[in-house]
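So you can see what is in the structure, the chains are spelled out below.
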Amino acid sequence: MTDLYRMLPEEMEDLVLELGQPRFRADQILYALYYKFPKDLSEIKQLPLEFREKLTEKGFTIGSTKEAHRVESEDGETTKLLLNLNDETPVESVLMQYKSKKMFGHPRSTICVSTQVGCAMGCVFCATGQMGFERNMKAEEIVGQVIHFAKILLEKGQHVTNIVFMGMGEPLANYSETIRAIQLLTHPRGFGIGQRHITVSTIGIVSAIEKLADEKMQIGLAISLHAPNDKLRQRLVPTAGPDSVKELIKSGKNYFLTTGRRVTFEYALIEGVNDMPEIAEELALLLKDNGSHINLIPLNPTAGDFNRPARKNVIEFERILYNGGINCTVRVEKGTEISAACGQLRTDILEKYNNTIN
Ligand code: SAH
Ligand code: SF4
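Residues numbered from 1 in each chain as written. Chains lettered and ligands numbered in written order. Predicted model: local features only at pLDDT ≥ 70, side-chain atom pairs only at ≥ 80, totals over all residues. Heavy atoms only, no water.

An unreviewed UniProt entry lists the protein chain under the name 23S rRNA (Adenine(2503)-C(2))-methyltransferase RlmN, from Candidatus Nitrosomaritimum aestuariumsis.

So, in structure tokens, the structure goes:
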């Protein structure tokens, strides 16, 4: 079985030619896949029936995600889906909408996709990390999450404006499928979103960040730092090496020099663990003159015995960074009541249904 959403436009052309069809059939399929979002081959009516039958006979299918559960936040701005993959594995994806005056009333619609089922990195505060690693996701399964939301948005006359690889899993630990998904999503004859509208978030696999820089794409990179020193970082990110903080600062710089895109450092703020004023000062010194941006994410308490800091502590942390000359933002709270943090919905639902969803 091959999902047509896996195939890059050039591969689609090779396929139709191989099956004795004219080249333009590839464009007919691509147009249907990325503008009409068909459920199956029978919905691509432009194709002759016998060609559709041939594709089915050869094992080609469309789509690898089925909606298992949907929750919307009270303000309607966050929608979280639990999607079942073809092997019935549930994964989660989130749509976050922000109203923007600049876009003439059209909301910014950001899709957060998962790249792995579970995660092997074991970050102690992360629900996905605590469930362990199940498997890598295929490019078509990553793209399928975007398509699922694109179809929902199309029905409202809206469209996907941004994609962030910040759902379940570590995208750079599933490198080749992540890159293929980005190619499919950004190809002008594929989904066609601009590279600058995609951000990949990584826990910081240094060799993979270097490889990514060498791809010379214009995608944004976010590195999850969480601590200004290795002792603290290793406590939060057990897979981090003994010198990871310095290495990550260096690879962030290299990413900027190679691609021209500034890196964002992410920092989950955890009460009494990494939110103290002296830690903020250490972080400001570390990032001084680095030109990077830091995004503070007040913890969504999910795993372990960790809490979100009080608002005044978050503001104080931000103030210290700001006074230290660091470009800093605090992530806007979105969808907390619907478990919109990484890996949380799946955990909640699996608990509720006593694992019957698997
Ligand atoms: N594996 C990648 C991408 C997925 S996690 C990474 O770690 O970067 C995306 C972001 O969500 C990361 O910055 C991660 O630290 C953060 N995150 C995970 N669990 C969280 C929680 N409970 N509260 C707040 N942020 C969390
Ligand atoms: Fe994996 Fe990212 Fe969660 Fe760490 S924070 S366990 S790398 S998904």
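Back to the text.
**Describing the site of ligand 2**
Taken together, 9 residues form the shell around ligand 2, and within it Cys119, Met121, Cys123, Cys126 and Gly129 come nearest. Of the residues assigned to the shell around ligand 2, the class counts are 6 nonpolar, 3 polar and no charged. (Near = heavy atom within 4 Å. Nonpolar A, V, L, I, M, F, W, Y, C, P; charged D, E, K, R; others polar.)

**Overview of the pattern of salt bridges**
All told, the structure shown has 15 salt bridges when counted by the stated rule. Notably, a salt bridge pairs arginine 180 with glutamate 11, separated by 2.9 Å at the nearest N-O pair. Taken together, the residues span a long stretch of sequence, with arginine 180 in helix 6 (residues 175-186) and glutamate 11 in helix 1 (residues 9-18) at a distance of 169 residues. With a relative accessible area of 17%, arginine 180 lands in the buried category. Judged by its relative accessible area of 29%, glutamate 11 falls in the partly exposed class. Measuring nitrogen to oxygen at the nearest pair gives 2.8 Å for the salt bridge that ties glutamate 67 to arginine 70. (Salt bridge = Lys/Arg side-chain N within 4 Å of Asp/Glu carboxyl O. Helix = DSSP H or I, 4+ residues; strand = E, 2+ residues; numbered from the N terminus. Buried < 20%, exposed > 50% of the residue type's maximum accessible area, 1.4 Å probe, protein only.)

**Describing the sheet that holds strand 5 (residues 90-98)**
Strand order in this open sheet of 10 strands is 3-4-5-6-9-10-11-12-13-14, and the pairing throughout is mixed. Every other strand in the sheet has two partners, leaving strand 3 (65-72) and strand 14 (327-330) as the edge strands with one partner each. The mean inter-strand angle of the sheet, taken between neighbouring strand axes irrespective of direction, is 25°. Pairing of strand 6 (residues 108-112) with strand 9 (residues 162-165), which is carried by 3 bridges, proceeds in the parallel orientation. Bridging across to strand 9, threonine 110 finds its partner in asparagine 162. (Pairing = 2+ DSSP bridges. Axes fitted to C-alpha atoms, helices over the stretch in contact; angles between N-to-C directions.)

**Observations regarding the packing of aromatic side chains**
With the rule as written, the count across this model stands at 4 aromatic pairs. With a centroid separation of 5.0 Å and 20° between ring planes, the pair formed by tyrosine 31 and tyrosine 35 is classed as stacked. In this pair, tyrosine 31 and tyrosine 35 are both assigned in helix 2 (residues 24-36), 4 residues apart and thus about one turn of the helix distant. Relative to phenylalanine 191, the ring of tyrosine 34 lies with its centre 6.5 Å away and its plane at 65°, an arrangement referred to as edge-to-face. (Phe/Tyr/Trp six-rings, centres within 6.5 Å; stacked < 30°, edge-to-face > 60°.)

**Notes on the pairing of strand 4 (residues 78-85)**
Here strand 4 lies mainly inside the structure; 8 of its 8 residues are buried. Alternating positions in strand 4 separate into two faces, Thr78, Lys80, Leu82 and Asn84 on one and Thr79, Leu81, Leu83 and Leu85 on the other, with burial throughout. Here strand 3 runs beside strand 4; their pairing, made up of 7 bridges, is antiparallel. Bridged to lysine 66 within strand 4 is asparagine 84. Connecting strand 3 to the antiparallel partner strand 4 that follows it, the hairpin turn spans 5 residues, and glycine 76 within it adopts a positive phi of roughly 75°. In the sheet, strand 4 pairs with strand 5 via 7 bridges, with the strands oriented antiparallel. Within strand 5, the residue paired with leucine 82 across the bridge is glutamate 92. As consecutive antiparallel partners, strand 4 and strand 5 are separated by 4 residues, and within that stretch glutamate 88 has a phi angle of approximately 70°, a positive value.

**Focus: the site of ligand 1**
Around ligand 1, the surrounding shell holds 17 residues, and the nearest of these are Gly169, Ser201, Ser224, His226 and Asn300. Measuring from a nitrogen atom of ligand 1, one finds a backbone N or O atom of phenylalanine 125 at 3.2 Å. Side-chain polar atom of threonine 302 to a nitrogen atom of ligand 1: 3.5 Å apart, as the coordinates give it. (Polar contact = N/O pair within 3.5 Å; in protein donor to acceptor, adjacent residues only side chain to side chain.)

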